[in-house]
Amino acid sequence: MSSSDSTTDNRLVVVTGGAGFIGSHTVDLLIERGRRVVVLDNFSTGRRSNLARWAEPQHSLSGTSPALEVVVTDIGHGIFAALAPLTAKYGPVGQIIHLAAQVSVVHSVANPLVDMQTNYGGTLHVLEYARAMGVEKVVFASSAAVYGDGAALPVAESSPIQPLSPYGIDKYASELALAYYQMVHGVAGAALRFFNVYGPRQDPTSPYSGVISIFSDRARAGKELAIFGDGEQTRDFVYVADVARAIVAAASSSRGTAPINIGTGRTIAIKELAAIVVELCGGRSAIRHLPARAGEILQSQALVERMHQELGVRAETSLADGLARTLS
Ligand code: UD2
C-alpha cells in the first residue's frame, strides 16, 4: 500500500507508550477511526485506567477480535518478540507511533546513561523493527527541548539545535536516526517536536509533571500554588487532543518529513496561568513565589506553519476550553 487512509487501512498500528498521557489520547483517536491498535508499554508511568474504555466487549473490530491489544514490555528490550504473536494473528504493522520514553528532563541530567538507553536506544529498537519488517511510517515524539534557549521567537524548525540536557540530546539523536533510516533504508519517518502538552490524564504527582496538571490538582484542593521565579516566563501550551490529531495525521501519510513543531503559536506567562487556574477552581488557593528553576528557558513559542502545511492540523482548542476540559 503506497499510502494509508486511516479509515481503510487494515494493518496494525503500534503505539509505544500507548498507556501514557499523550499515548492514550492517540489510541482513542486511532480506534475511533477504525484502526486496530497494539500498545507496547512498561507501565512505569502509563496506566491501565487510561485505556479502560477499550476493554469493553463492544469495542471489537470484527466478530470478537478486540480493537486494542496491550503488551506489557520494556522498549529497551526491543519489540520483535512482543509483536510476533500479534502479527501472526492480525497481519503486518503499517505504522509505529513511538511515544515510549523516559520523560523527565531532570532525571536525564542525573542519569544520562539511563536516558540514552531508554530514549535513544528505544528509538533504534523501533527503527530496526521498521526496517526489517517493512513498516510504512514511523512517527516519533521529539521535543522543543532540542532547541535549548536563545532561538528567535517564535521558534522555527530551522533554528539552531542546542539541547541543554541529555534528554534534549537523545531526542535530537533520535531525530537523526529517523532521518538516517529514511535516507539509507527507506523507512519514512516524522519527528514531531512537542511544546508544552496539557490535558486530562496528565499525571500531577511528580514535581516535574506538567505545570497545568500540578496547578489544577492543587487549586481544586484549595492548596497553595508555587511559581518558580517571577512567573514572567512564557510557554506555548497545546491541548492533548490537538496533539493526538497531529500524530495521527503524521501516521496517515506514507511520506517522510523534516521535523515539525507541535504547538499553538500562542503563549501565556506562568503567573497569568496560575491566576486563571485559581479563579476557575473557586479562588481559594494562595500563590507564592519560589526561586527560579536552574537552567530553565524563559520564553517558548512554536512557529506552527509547517504543522499546518505538512499535517493540515491546527491546534484549535483555546487555552480556556482546554483548561475547562482538564479541570472537569
Ligand atoms: C517542558 C517539558 C519538558 C521539555 C521542556 C523543553 C512538560 C511537562 N515538560 O518543560 O519535557 O520538553 O519543556 O523546553 O511539558 N512551574 C511553576 N510551578 C510549578 C511547576 C512548573 O512555576 O509547580 C513553571 C516552570 O518553572 C516552567 C513552567 O511552569 O517555567 C512550565 O513548567 P513544566 O515543568 O510544565 O514544563 P517545562 O517548560 O519546564
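What you see is a predicted model; the values in this text were computed from it and never measured.

**Q** Hey, could you run me through the overall build of the protein in this one?
**A** Tallying secondary structure elements over the protein gives 10 helices and 15 strands in all. Here the C-alpha radius of gyration of the protein, 19 Å, is about what a compact globule of 328 residues would show, namely 20 Å. Viewed in the frame of its principal axes, the protein has a C-alpha envelope of about 55 × 45 × 35 Å. The proportion of buried residues among the 328 residues of the protein is 51%. Restricting to contacts in the protein with at least 6 residues of sequence separation, those with at least 24 account for 81%. Carbon together with sulfur atoms contributes 54% to the accessible area of the protein, which is approximately 14300 Å² in total.

**Q** How should I be thinking about the sheet that holds strand S7 (residues 137–143) in this particular structure?
**A** Strand pairs in the sheet, formed through backbone hydrogen bonds, run parallel or antiparallel to each other. Strands sit in the order S5-S2-S1-S6-S7-S8-S13 across an open sheet of seven strands; the sheet is parallel. Each edge of the open sheet is held by one strand with a lone partner, namely strand S5 (68–72) and strand S13 (260–262). Averaged over all neighbouring strand pairs, the angle between strand axes comes to 20 degrees, with direction disregarded. Here helix H7 (residues 240–251) sits on the sheet in contact with strand S6 (93–98), S7, strand S8 (188–194) and S13, set at roughly 165 degrees to S8.

**Q** How should the environment of tyrosine 208 be read in this particular structure?
**A** The topology assignment puts tyrosine 208 in the loop between strand S9 (196–198) and helix H6 (211–220). Tyrosine 208 gets classed as partly exposed once you look at its relative accessible area, which sits at 44%. C-alpha of tyrosine 208 to C-alpha of valine 70: the two residues are 138 residues apart in sequence and 27 Å apart in space. For tyrosine 208, the residues in contact, after removing those within four places along its chain, are Ser104, Val106 and Arg293.

**Q** Where do I start with the pairing of strand S10 (residues 225–228) in this structure?
**A** Regular strands place their side chains on alternate faces of the sheet. Along S10, the buried face is formed by Leu225 and Ile227; none of Ala226 and Phe228, which line the opposite face, is buried. Of the pairings in the sheet, the one linking S10 to strand S15 (residues 287–290) comprises four bridges and is parallel in character. Among the inter-strand pairings, isoleucine 227 is bridged to a residue of S15, identified as histidine 289.

**Q** I'm lost on the site of the ligand in this one. Help?
**A** Near the ligand there are 19 residues, and of these Ser143, Val211, Ala226, Arg235 and Glu296 occur at the shortest range. In the environment of the ligand, an oxygen atom lies 2.7 Å from a nitrogen or oxygen atom belonging to the side chain of serine 143. The side chain of asparagine 196 places a nitrogen or oxygen atom 3.0 Å from an oxygen atom of the ligand. Its free accessible area being 730 Å², the ligand has 86% of it covered by the protein chains. Elements that contribute at least two residues to the shell around the ligand include exactly H6 and S10.

**Q** Can you walk me through the packing of aromatic side chains in this structure?
**A** The geometry of an aromatic ring pair is captured by two quantities: the separation of the ring centres and the angle between the planes. For the structure on display, the rule yields five aromatic pairs. On the basis of an interplanar angle of 40 degrees and a centroid distance of 6.4 Å, the ring pair of tyrosine 147 and phenylalanine 195 is categorised as tilted. Of this pair, tyrosine 147 sits in the loop between S7 and helix H5 (166–185) while phenylalanine 195 sits in the loop between S8 and S9, and the two are 48 residues apart along the sequence. Overall, tyrosine 147 belongs to the buried group, its relative accessible area being 2%.

**Q** For this particular structure, what's the right way to read unusual backbone geometry?
**A** Both trends apply: most residues other than glycine have a negative phi, and most peptide bonds are in trans. Cis rather than trans, the peptide bond between leucine 153 and proline 154 has omega equal to -10 degrees. One non-glycine residue, phenylalanine 43, lies in positive phi territory at about 60 degrees. Of note in the backbone geometry, arginine 201 takes a positive phi value of approximately 80 degrees without being a glycine.

**Q** I tried to follow the pattern of salt bridges on my own but got confused; where do I start?
**A** A side chain with one charge can pair with a side chain of the opposite charge if their charged atoms come near. This model, assessed by the stated rule, comprises 16 salt bridges. Salt bridges sharing common partners tie together Asp9, Arg11, Arg35 and Glu136.

Rules behind the numbers
Residues numbered from 1 in each chain as written. Predicted model: local features only at pLDDT ≥ 70, side-chain atom pairs only at ≥ 80, totals over all residues. Heavy atoms only, no water. Helix = DSSP H or I, 4+ residues; strand = E, 2+ residues; numbered from the N terminus. Rg over C-alpha atoms; globule rule 2.2 N^0.38 Å. Buried < 20%, exposed > 50% of the residue type's maximum accessible area, 1.4 Å probe, protein only. Contact = heavy atoms within 4.5 Å. Areas by Shrake-Rupley, 256 points an atom, 1.4 Å probe, with all protein chains shown as cover. Pairing = 2+ DSSP bridges. Axes fitted to C-alpha atoms, helices over the stretch in contact; angles between N-to-C directions. Near = heavy atom within 4 Å. Polar contact = N/O pair within 3.5 Å; in protein donor to acceptor, adjacent residues only side chain to side chain. Phe/Tyr/Trp six-rings, centres within 6.5 Å; stacked < 30°, edge-to-face > 60°. Salt bridge = Lys/Arg side-chain N within 4 Å of Asp/Glu carboxyl O.

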